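Commentary on secondary and tertiary structure
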Amino acid sequence: MHRYRFVLYRPLQFLPVLFGISVITFILVRLIPGDPARVLLGTRATPEAITRIRAQYGLDEPLLAQYFYFLRNLADGEMGRSILYKIDVLKLIATRIEPTLMLVLCSVVLSVLIAVPVAAIAARNHGRLADQVIRIVSTMGIGFPPFWLGLMLIILFSVELAILPVSGYGNTLSEKLAHLVLPSLTVSLSLSTVLARSLRAAMVEGLRSDVATAARARGMPESIVFRRHVLPNSLVPTVNLLAVNIGWLIGGTVVVETVFALPGMGQLLVRAIFSRDYMVVQGVAMVFACATVLINFLADIVTVALDPRVKL
Amino acid sequence: MIAALLKITDLTVVHDGDGGERTLLDAVSLDLAPGEVLGLVGESGSGKSLLCRSLVRLLPSSRLRISGGSITLSGRELTTAPEAEMLAVRGGEIGMIFQNPSSHLDPVMRIGDQITEGIRFHQRLDARAARAAAVDILAQVGFPNPARHYDSYPHEFSGGMRQRAMIGAALSSNPRILIADEPTTALDVTIQAQILRLLMDIRAKRGLSVILVTHDLGIVAQVCDRIAVMRQGRLVEVGEKRGLLAAPAHAYTRSLIASHPSLPEEDMPEKTGKRQAPGAVPLVDIEKLHVRFATGGLFRRGAVDAVKEVTLRVMPGETVGLVGESGSGKSTLARAVLGLTPVSSGTIRFDGADIASGRAVLARLRRQTAMVFQDPYNALNPHLTVGKMLAEVLRVQGKIETAQIPARCGELLDLVGLGRAFLDRKPRTMSGGQCQRAGIARALAVDPKLIIADECVAALDVTIQAQIVELFRELVERMSLTLIFIAHDLAIVRNLCQRVVVMHRGAIVEEGRSEEVFSRPKHAYTAALIAAVPHIDPDKPLLAPSKMATAQADGVAN
């Protein structure tokens, strides 16, 4: 399986990428105006107290030295201590990563489950009423901002119908899933329209393609032509679009987690930014960046699996 | 007369457009006997392909519809048959293969599975039996290792092998009729000969009736029993091939036969180009040229020698034909001459100066050479009118005064035989031949010493091809032009060029005066190339021995 050999050597290329990411996040975080020590101690703190705190967290050292400590800690599996939560950033992230992961996973699954059939219906009725309706609805789906959509869903399902929880995150799996329905739906409504548009275009093209004509000329009914030839060929370009969107989605969970009060990474990031909690901002940004790299790697593997022509 | 297997009577197909109905097939009547090979010839747009699609009711657009006439298959009416019945007819009774196997085979499905698909659907075999049947078919169409190639994907094969796979898929459900729509147009001559041979073998074994659509009368003369000539949606003439080729009744058939570039033994037209004075400086002087392309990625390096050890001199005023199969390095050589491809070793001198010696030489080279491309549509900017396109070249070249540009544009169009009305036309409103003339006018606008024409007639219909070749002949005569004419069509090169250079796998295997090379080829490869050209005379048979065994040589990649 030489086509999959890149799975072994590609991670080597991640090392310089991750190094670059660490430098950039490190610098960007320090460009945020404001002094974390002052935020921590409040406006009436004495200069001595501030100096002490700054020395305690290494904030008085030169930037290069701070970066060096950061790298050394990283090698030990630590990302420094959170100023606000007083625990190691990596441990803090570990407690917050699950809701975000679950949200992204549910959203992606739900989006694909919506997008594929919707695109198929639109493509197979190309130019007819069903296609027009789907196009109008999906344009609206892209147009609505997620925070507004989330609020509307809360009002409808949680307040009026009272069948789903308003906000927060549960303890058991079923509780957690119930809490994730509305946030994932909010994300999926916009994500699935993006995917459906791309899929529909690829499918319309596929239905007109020579491959489809040849299959019809062999006497294949439309259902087989679509399922066996058009669909597999149209998935290839959509996988990369999905990967790009998941990368964007990980950053985008900030809004949805805030609206639904999900205790995830997005929420953590917002609080960390407001309190100038350098270490946390830096850690969350690193995790987000790594996730994006990883997702693109997974997308490459899926592309290779779907398209035998691709060599990486 | 045996009862017809397929009987087409007054078949009419119309296009329902915004401006009303347009008739695309006009009352076509045609019979096909069992075991017969019918050649359907005509130019692009004559309705050949549409007729074939209509037979299985797979019209290329929903705006097209069969408005009249009937198609009967063994007495069964097809124009009104329910769709479910047509599914059984398609593939099961009438199989179809197409011009471009690369686009008609599913790139993400294994070759074998594309054959099995039909077998399972039509014959209701289980997976195991279907696989066995498909492996058997792959062997029949000449796959050297069918059990292994079953699991290969289309991109792993050469064009010829892909066409074999498509034939296999079309035959999978044992149809009685095979419609072959330009099945060899995209292939090299030697591969074309193999595919035609394969089709004839299969036809003999299975008693298949074949409708062979082609624009090449040579193919028809070689493999068909009867010929039907189409033009503008009408059937102009149909008859037994010898009779029709010897005494065509219709003027259009006569012009088709006249423009077929066969390889005549005598009365060759006077060769264009001037005789050389001894001691003249060659315009292009290529010495020991190597062009090597790196392949593979960071971890697996490799290299392909696209051009190997090529030494070639082209004298001013000469017309040199560069022939060879696809992948033989013709285009790479041409690109290297124009300084468009980095050279690995060797030298190219243009008018005495080494083109690698500096930007000044390269700039001079590009002011004195021009290229004409294969695809006339894609080589022209769709947003520019012909006039603007020519004016742009003239302005950039700066060889004439700005005030004289409009007049010069008109002259250029006169030169290539396009009226001045074309100054305001855009490419999409023009035919392929007109676009190619505009492309040649653009090349002439440079006022070049050298024109390199890369397969510039390959995409054109035969009668248009003949016109463009004639145009080149005139231009070379009238202006002091040197022409390097790249083509895979030997007959055209023989008609046009003084000297011919045969390339094979990146190297020149033979060169010499056209008459000599074509009448007494020294190299076996040249001889094979010449033998593979289908002759319009049915009594000059193509490839007597079966070439099934050469399927391996045809190139199974990986």
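What counts, and at which threshold
Residues numbered from 1 in each chain as written. Chains lettered and ligands numbered in written order. Predicted model: local features only at pLDDT ≥ 70, side-chain atom pairs only at ≥ 80, totals over all residues. Helix = DSSP H or I, 4+ residues; strand = E, 2+ residues; numbered from the N terminus. Rg over C-alpha atoms; globule rule 2.2 N^0.38 Å. Buried ≥ 20, exposed ≤ 12 C-beta atoms within 10 Å, placed from the backbone. Contact = placed C-beta atoms within 7 Å. Nonpolar A, V, L, I, M, F, W, Y, C, P; charged D, E, K, R; others polar. Domains from an automatic or database assignment. Axes fitted to C-alpha atoms, helices over the stretch in contact; angles between N-to-C directions. Parallel < 35°, antiparallel > 145°, perpendicular 65-115°, else oblique. Left-handed = near helix turned anticlockwise from the far one by under 90°. pLDDT = per-residue confidence, 0-100. Core = buried A, V, L, I, M, F, W, Y, C linked by C-beta atoms within 7 Å.

Bringing the overall build of chain B into the picture now. Across its full length, chain B holds 20 helices and 20 strands. Computed over the C-alpha atoms, the radius of gyration of chain B is 25 Å, within 12% of the 24 Å expected from 2.2 N^0.38 for a compact globule of 558 residues. With the principal axes as the frame, chain B shows a C-alpha extent of 70 × 55 × 50 Å. The buried share of chain B, taken over its 558 residues, is 47%.

Moving on, we get to the interface of chain A and chain B. Each partner contributes to the interface: chain A provides 19 residues, whereas chain B provides 25 residues. Elements with a contribution of two residues or more to the side of chain A that touches chain B: α9 (210-217) and α10 (222-259) of chain A. Residue composition of the side of chain A that touches chain B, by class: nine nonpolar, four polar and six charged.

Residues and elements named next belong to chain B. As assigned here, chain B comprises domain 1 (6-258) and domain 2 (318-339 + 361-535). Contacts between domain 1 and domain 2 engage 15 residues on the former and twelve residues on the latter. Within the residue set of the side of domain 1 that touches domain 2, elements represented by two or more residues are α8 (189-206), α9 (217-223) and α11 (251-258). Among the residues making up the side of domain 1 that touches domain 2, the classes are represented as five nonpolar, seven polar and three charged.

Another aspect to go through is the environment of Cys456 of chain B. All names here are of chain B. Within the secondary structure, Cys456 sits in the loop between β17 (450-454) and α17 (462-478). Judged by the 27 C-beta atoms lying within 10 Å of it, Cys456 falls in the buried class. Expressed as a C-alpha distance, the spacing of Cys456 and Pro376, which sit 80 residues apart in the sequence, is 7.7 Å.

Residue and element names in this part refer to chain A. Where helix α6 (residues 129-143) contacts helix α8 (residues 173-208), the two axes come as close as 8 Å, and the packing angle between them is 130°. By the angle between their axes, α6 is oblique relative to α8. As α6 packs across α8, the resulting crossing turns out to be left-handed. In contact with Ser138, Gly141 and Ile142 of α6, α8 contributes Leu189, Ser190, Thr193, Val194, Ala196 and Arg197.

Turning to the confidence of the model for chain B, a few remarks are in order. All names here are of chain B. When pLDDT is averaged along chain B, the result is 86; 92% of the residues meet or exceed 70. With pLDDT under 50 throughout, residues 544-558 is counted as low confidence; its partners more than four residues away or in other chains account for 27 contacts. The complex prediction reports pTM at 0.80, with the ipTM value standing at 0.80.

What follows deals with the nonpolar core. Judged by nonpolar contacts, the single largest core of 221 residues is most densely connected at Val284 of chain A together with Ile211, Leu212, Ala441 and Phe485 of chain B. A per-element tally of this core places α8 of chain A first, with 13 residues. Both domain 1 (6-258) and domain 2 (318-339 + 361-535) of chain B contribute no fewer than three residues apiece to this core. Not counting chain neighbours up to four residues away, the residues in contact with Phe485 of chain B comprise Thr319, Val320, Gly321, Leu322, Ala453, Val493, Leu496 and Cys497 of chain B.

Residues and elements named next belong to chain B. Of note, Arg57 is a non-glycine position whose phi angle comes to about 55°, a positive value. Mapping Arg57 onto the fold places it in the loop between α1 (48-55) and β4 (64-73). With 18 C-beta atoms packed within 10 Å, Arg57 lands in the partly exposed category. The phi dihedral of Glu309 falls on the positive side, at around 50°, and the residue is not glycine. Note that Glu309 resides in strand β12 (residues 302-314). Classification of Glu309 as partly exposed rests on a count of 14 C-beta atoms within 10 Å.

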